[in-house]
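Here's the letter readout for the chains.
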Amino acid sequence: MPLSNSPDVIVVGAGVVGAACAYYAARSGLSVTVVDRGPVAGGTTGAGEGNLLVSDKEPGPELDLALLSTRLWRDLAAGLPDGAEYEAKGGLVVARDAARMTALRAFARSQTAAGVTAQEVPADALHDLEPHLAPGLAGGFLYPQDAQVQPALAAAHLLRASGARVRTGQEVTAVLTGASGEVRGVRTRAGDLHAPYVVNAAGTWGGEVARLAGAHLPVLPRRGFVLVTEPLPRVVRHKVYAADYVADVASGSAALQTSAVVEGTPAGPVLIGASRERVGFDRTLSVEALRRLAAGATELFPVLAGVRALRTYAGFRPYLPDHLPAVGADPSVPGLLHACGHEGAGIGLAPATGLAVARVLTGDEPPLDLRPFDPGRFTGVTA
Amino acid sequence: MTGSPSEPYDLAVVGAGPAGLAGAVTAAELGLSTVLLDASGRPGGQYFRHPAPGLGATRPGALHHDWPAFTALRRRLAASDVTHLAHHHVWTVTRRAADDWTVHALTGPDGDDGKPVRIRARAVLLATGAHERHLPFPGWTLPGVVGAGGAQAMLKAGLVLPGRRVVVAGSGPLLLAVASSLTAAGAHVPEVVEAAGYLGYARHPRALATNPHKLVEAAVHGTALARHRVRLRPRSAVTAVHGTDRVEAVTVSRLGPDWRPLPGTGRRVPCDALAVGHGLVPQTELATGLGCATRRTPDGTDALLLDAWQETTVPGLWAAGETGGTGGWQLARVEGELAAVAVTARLRARPGLTTGRRVRDLARRRDRMRAFAEAMAAAHAPGAGWTGWLTDDTEVCRCEEVTAGRVREAVDDLGARDARTVKLLTRAGMGWCQGRMCGAAVAALAAAGRPDGAVPPSPARRPLAVPVPLAALAALPEDPDGPDGPEDH
């Protein structure tokens, strides 16, 4: 039985990426329905720290998407209640020794050329920025564009601001297609919903939704834990992490590695992220992941050693084999668009993704080159 | 040494209440090397809480009709080879295989003496009990308002009364016991205010008839209360508390069948304290952290799903007592014993242990008492209308100071349909108590928004059962089988 008032677009997924797609599509004059089998922000969005980072990205398509998002987030936050706790706190990347500082300087220089603002902080000035940092660090770089939002609030407020019809607790069980394979809508347990466009913003389950539509998108989950401390006065002011660089002699490129990311929140607790494991959808606590997070955090901020962790939670980052998201039209199913696979950067990349999806829907010029994010790039790849 | 990495204990029991004590002594008597970890300094759990020796109580059993049963368990513990680790706060349990477990604990009276401990065992029995369920109401944060179970615990542990004139309110069989203890200790209890109608029991005549000890218990309390002229007010609730610095009076209102307060029925009852509780919530976080399945009890809490031998859905992990659903100390003791027998049968490959007459008899008693517990739970299940007594400015989450109004906003305006989403949007349940105080209330308020998009409620996830210092986590031994190496974000 078809449900009444067919929208122009159905967005599958009420996380931050789905919310941003709904928001920009609605602003382009389209009517939007968002469906999710769970609640608002029930997947990766609700398990994230709300990182809006450019500092950790090397020059390339993901950094371009992040830079555009950084600008969009600033505008979005200004229009949301309490700004969804948006905070342009800046990121501070520190180096433990001179060799790492040299590598960090080279990395920052390449980012600067791509449009990132990065300011070198000499060793003796680190404690002006972060008074509780461990002694003996070689220096660091300040990234003023790095920011933070409270991700669940951001998604919920974006959804409300979009005016989209939101159907939570309704799992999509089929993607309806027409005679020539084009999308006609989705089937949920509550009934059929018709629309000429369906946006797959199902995050970690994006591969599953693609499969329902007869498309192929190899999205896989990658587990991460976040540790949350008791509420504290502001002992950590920026988003702080230590960078290590492993020089790859063959390619001459530097691959970034990081330790625990430590940051304060307006509400008081310090958040410590983020571990990574390929373990499927297993929520079982990994004591080893907690050990590494705690060790990394207390190494950077010795003052945290006596602080108690009140809770920890796991989330699943949706990643694609080349660690870039899929954004744009599916090559084989007319009317199907993808906006998923953002790995651990979905909060940060959501606005640019949503804007790009809206432009594709209205047939306008996308805000950046979408070719690197082409969902068709995995076609023919077998799992 | 037993429990060292090379030689694990056969059984680690978490919690030294009636279930854990019975489980530990039975296992040891059957020949298992057993370790018993408990947060408290003395065994007994919540039910058999008793004053520290230093307080000089001459008759610690005066507040317990069942004191001899406890002293018998305590004697068996003293005579056994059980390693009793008091002041051990278990923060997580991890599993490598069905017979390879590690129990992680912090030590010290408050878990803060800085020496984290790991105990290895071939099987684990969780007997972590329950905590009190609180349904908020206007004024519940005023000094003088205490938990009903908390009032009894204060009395049992330190012989301290919460006030001189104490109204007892809420729902559940505990209220009568609390009123009885309070009057015995010298307080005046003007009223016991029970939200359910006791007629609810009549729907389960069989469960009542087959549990005569429960009727005796009720009769004992009933007689004591009648002697002290305590009035019983069924189908009523405290819907407001009055006073500036502390409780001076409460408003008691009549309730409709779904617990919605009936307008115009409020009566003011002077008192200087209010002891209020709405039953118990099983403490299941150690088990749910390991992926154990839960079931919804008739009074709307989540209890561990257990098989006929008290094993959870994760092989090698057993549970007994309130973790499987509230049922009282006698049921807990029987379940602890059954679990110990089942663990021994498994570890020693002695299936014959579980077929003896005594064990069959234990299982029958367990089933009978469990049926009674479920009937009681059904009779005292909170009606959906109770949120009707919450004003928008009633604080629901005390740790994070979140009001009912803000929770309703998250539900009505932002699409929250379950407690977890409300938590993400309002911080309700993110503070020190991790939702143990406000969880029931938040879930009920979230359910109000559910008709237009059902999201089934899920049990609370608390991977850290108690707060853990970062230094203690950082000092854990490295595990090469852990997460992937460090990488980009």
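These numbers come from a predicted model, not from an experiment.

Here we come to the overall build of chain B. Looking only at helices and strands, chain B features 13 helices and 22 strands. The buried share of chain B, reckoned over its 489 residues, is 55%. The long-range share in chain B, meaning contacts at least 24 apart out of those at least 6 apart in sequence, stands at 65%. Here chain B displays about 19,800 Å² of accessible surface, and carbon together with sulfur accounts for 54% of that area.

Let us look at the overall build of chain A. Assigned secondary structure in chain A consists of eight helices and 20 strands. In terms of overall size, chain A behaves like a compact globule, its C-alpha atoms giving a radius of gyration of 21 Å where 383 residues would be expected to give roughly 21 Å. A total of 383 residues make up chain A; the buried ones form 60% of that total. Considering only contacts within chain A whose residues lie at least 6 apart along the sequence, 74% involve residues at least 24 apart. Working note: accessible area of chain A is about 13,800 Å², and carbon and sulfur atoms make up 52% of it. Averaged over its 33 positive side-chain charges, chain A has a centre that lies 4 Å from the centre of its 36 negative ones.

Per the UniProt record, "domain: BFD-like [2Fe-2S]-binding" (unreviewed entry) is found at residues 396-445 of chain B. The distance separating the terminal C-alpha atoms of residues 396-445 of chain B is 10 Å; by composition the span is 48% helix and 8% strand.

Quick look at the state of the cysteines now. Summed over all chains, the structure comprises zero disulfides over all chains. Cys433(B) forms no disulfide, and the closest cysteine sulfur to it belongs to Cys399(B), at a distance of 3.8 Å.

Residues and elements named next belong to chain B. Burial along strand 2 (residues 34-37) is two-sided: the face carrying Thr-34 and Leu-36 and the face carrying Val-35 and Leu-37 are both buried. Two strands pair when backbone bridges link them, and strand 1 (residues 9-14) and strand 2 are joined in this way by four bridges, in the parallel orientation. Residue pairing in the sheet places Leu-11 in a bridge with Thr-34 of strand 2. Handedness of the crossover joining strand 1 and strand 2 through helix 1 (residues 18-29): right-handed.

Bringing the interface of chain B and chain A into the picture now. Contacts between the two partners involve 44 residues from chain B and, on the opposite side, 55 residues from chain A. With both sides pooled, the region where chain B packs onto chain A buries about 4,600 Å², and carbon together with sulfur makes up 59% of that total. Across the contact surface, chain B and chain A share two salt bridges. Residues Arg160(A) and Asp413(B) are paired through a salt bridge, measuring 3.5 Å at the closest nitrogen-oxygen approach. In this assembly, chain B and chain A are joined by six residue pairs in polar contact (both at pLDDT 80 or more). Every element with two or more residues in the side of chain B that touches chain A is listed here: strand 4 (88-97), helix 11 (419-426), strand 22 (468-469) and helix 13 (470-474) of chain B. Here the residues of the side of chain B that touches chain A are counted per class, giving 21 nonpolar, twelve polar and eleven charged.

Here we take up the sheet that holds strand 8 (residues 145-147) of chain B. Sheet strands line up and pair through hydrogen bonds in the backbone, either parallel or antiparallel. Residue and element names in this part refer to chain B. Spatially, the five strands line up as an open sheet ordered 8-15-9-10-11, and their pairing is parallel. In this open sheet, the two strands that pair with only one neighbour each are strand 8 and strand 11 (231-233). Between one strand and the next, the sheet's axes are offset by a mean angle of 20°, whatever the strand orientation. Two strands pair when backbone bridges link them, and strand 8 and strand 15 (residues 273-278) are joined in this way by three bridges, in the parallel orientation. Its bridge partner being in strand 15, Val-145 is matched across the sheet by Leu-274. Sitting on the sheet, helix 3 (residues 148-158) touches strand 8 and strand 15, and the angle it makes with strand 8 is about 85°. Across the face of the sheet, helix 4 (residues 174-184) comes into contact with strand 9 (166-171), strand 10 (191-194), strand 11 and strand 15 while running at roughly 165° to strand 9.

About the thresholds
- Residues numbered from 1 in each chain as written.
- Chains lettered and ligands numbered in written order.
- Predicted model: local features only at pLDDT ≥ 70, side-chain atom pairs only at ≥ 80, totals over all residues.
- Heavy atoms only, no water.
- Helix = DSSP H or I, 4+ residues; strand = E, 2+ residues; numbered from the N terminus.
- Buried < 20%, exposed > 50% of the residue type's maximum accessible area, 1.4 Å probe, protein only.
- Contact = heavy atoms within 4.5 Å.
- Areas by Shrake-Rupley, 256 points an atom, 1.4 Å probe, with all protein chains shown as cover.
- Rg over C-alpha atoms; globule rule 2.2 N^0.38 Å.
- Lys, Arg positive; Asp, Glu negative; His and termini not counted.
- Charge placed at Lys NZ, Arg CZ, Asp CG, Glu CD.
- UniProt positions renumbered as here; feature names shortened; annotations may be inferred.
- Disulfide = S-S within 2.5 Å.
- Pairing = 2+ DSSP bridges.
- Right-handed = clockwise from strand over helix to strand, strands pointing away.
- Buried area = accessible area lost by both parts, 1.4 Å probe.
- Salt bridge = Lys/Arg side-chain N within 4 Å of Asp/Glu carboxyl O.
- Polar contact = N/O pair within 3.5 Å; in protein donor to acceptor, adjacent residues only side chain to side chain.
- Nonpolar A, V, L, I, M, F, W, Y, C, P; charged D, E, K, R; others polar.
- Axes fitted to C-alpha atoms, helices over the stretch in contact; angles between N-to-C directions.

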